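Coordinate inspection notes
Single-letter residue listing:
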Amino acid sequence: DTAVSQTPKYLVTQMGNDKSIKCEQNLGHDTMYWYKQDSKKFLKIMFSYNNKELIINETVPNRFSPKSPDKAHLNLHINSLELGDSAVYFCASSQGGPPYEQYFGPGTRLTVT
Amino acid sequence: AQSVTQLDSQVPVFEEAPVELRCNYSSSVSVYLFWYVQYPNQGLQLLLKYLSGSTLVKGINGFEAEFNKSQTSFHLRKPSVHISDTAEYFCAVSPGAGGGADGLTFGKGTHLIIQP
């Protein structure tokens, strides 16, 4: 069984559209995350979320919003897509306490045309 | 806040040769340290981690890393590489207690290229 899964793996869409990426973890972890990997492979956290608190990286545009229907899922909604949103988006999860070792999904490659 | 510096963006190595990938970090608090590997078109896989105790930690696929507190380094090594080790390697830190919400801080990655 896949520990952290994401759908879709590839997403091609036009500027201005709204899209969602789904993430599910079956590890029983308390905290889930979204990371963005740019074209230079740099990874930066966008959000972290547990059942009590959402932490948003201040550099993330408010067009991006995480939504968690339950503890095992953290979906990413993106409104009014822009060319600069093209990247690979990774979902991850970890236990609620230290050392916060994270398990990553396979990634979703988003291409905005 | 933490930061991570991976000193080499790309490291070419001949097959069966040893390799060292360098990582330095800075932090005002104690940290946990990780190395992740990303094979082409895949997600990140944990290679090894340093939490406390012995400064030499062993991971999967024959990799090991040494934590050096005085030099704030956590270099990754492998005594003999294989073609299958070609990948992007990321050093990452997380803060100590209470830092889970901040996620991991990653270095910019080192592309390990194995030459036959």
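A short tour of the structure in this document, coming up. (Residues numbered from 1 in each chain as written. Chains lettered and ligands numbered in written order. Predicted model: local features only at pLDDT ≥ 70, side-chain atom pairs only at ≥ 80, totals over all residues. Heavy atoms only, no water.)

**Observations regarding the overall build of chain A**
Note the following rule: Only DSSP runs of H or I covering at least 4 residues are called helices, and only runs of E covering at least 2 are called strands; the numbering of each starts at the N terminus. Relative accessibility decides the category of a residue: with a 1.4 Å probe and only protein chains considered, values under 20% of the type maximum give buried, values over 50% give exposed, and everything between is partly exposed. We call two residues in contact whenever any of their non-hydrogen atoms come within 4.5 Å of each other. Using a 1.4 Å probe, the Shrake-Rupley method yields the accessible areas, and only the shown protein chains count as cover for residues. In this count, Lys and Arg are taken as positive residues and Asp and Glu as negative ones, while His and the chain termini are left out. All charge positions are set by atom: Lys at NZ, Arg at CZ, Asp at CG, Glu at CD.
Each helix and strand in chain A was counted, giving zero helices and 11 strands. Going residue by residue from the N terminus, the α and β elements of chain A occur as β-β-β-β-β-β-β-β-β-β-β. C-alpha extents for chain A along the principal axes are approximately 40 × 30 × 30 Å. For chain A, the proportion of its 113 residues judged to be buried stands at 43%. A fraction of 55% describes how many contacts in chain A between residues 6 or more apart in sequence connect residues 24 or more apart. Total accessible area on chain A stands at roughly 5,800 Å², and carbon and sulfur atoms take up 49% of it. With 12 positive and 11 negative side-chain charges, chain A shows a separation of 6 Å between the mean positions of the two kinds.

**Regarding the state of the cysteines**
Heads up, the rule is: Our working definition of a disulfide is a cysteine sulfur pair at a distance within 2.5 Å.
Scanning the entire structure with this criterion turns up two disulfides over all chains. At a sulfur-sulfur separation of 1.8 Å, the disulfide partner of Cys 23 of chain A is Cys 91 of chain A. Taking the torsion about the S-S bond as the criterion, the Cys 23 of chain A to Cys 91 of chain A disulfide, at about -75°, is left-handed. A residue pair is termed long-range when its members are at least 10 positions apart, and Cys 23 of chain A in strand 3 (residues 19-25) and Cys 91 of chain A in strand 9 (residues 87-94) qualify at 68 residues. Covalently, Cys 23 of chain B is tied to Cys 91 of chain B through a disulfide, its sulfur atoms 2.0 Å apart.

**Regarding the nonpolar core**
Selection rule: As used in this record, nonpolar core signifies buried Ala, Val, Leu, Ile, Met, Phe, Trp, Tyr and Cys residues forming a set joined through side-chain atoms within 4.5 Å.
Ranked by size, the top nonpolar core spans 28 residues in total, and within it Trp 35, Leu 48, Phe 74, Leu 76 and Tyr 89 of chain B carry the most contacts. Residues in contact with Phe 74 of chain B, not counting those within four places in the same chain, are Cys 23, Leu 33, Phe 34, Trp 35, Leu 48, Lys 49, Tyr 50, Val 57, Ala 65, Glu 66, Phe 67 and Cys 91 of chain B. Of all hydrophobic cores here, the second largest spans 19 residues; its members include Leu 76, Ile 78, Ala 87 and Tyr 89 of chain A.

**A short note on the interface of chain B and chain A**
Let me state the cut-off plainly: Two parts lose some accessible area (1.4 Å probe) when they are put together, and adding that loss for both gives the buried area. Salt bridge criterion: a side-chain nitrogen from Lys or Arg within 4 Å of a carboxyl oxygen from Asp or Glu.
Listed as interface residues are 27 residues of chain B and, on the opposing side, 21 residues of chain A. For the pair chain B and chain A, the summed buried area comes to about 1,800 Å², and 60% of that belongs to carbon and sulfur atoms. On the surface where chain B and chain A come into contact, there are one salt bridge. Between Glu 101 of chain A and Lys 49 of chain B there is a salt bridge whose closest N-O contact spans 2.4 Å. Put simply, the parts of the chain that give the side of chain B that touches chain A at least two residues each are strand 5 (31-38), strand 6 (44-50) and strand 10 (87-95) of chain B.

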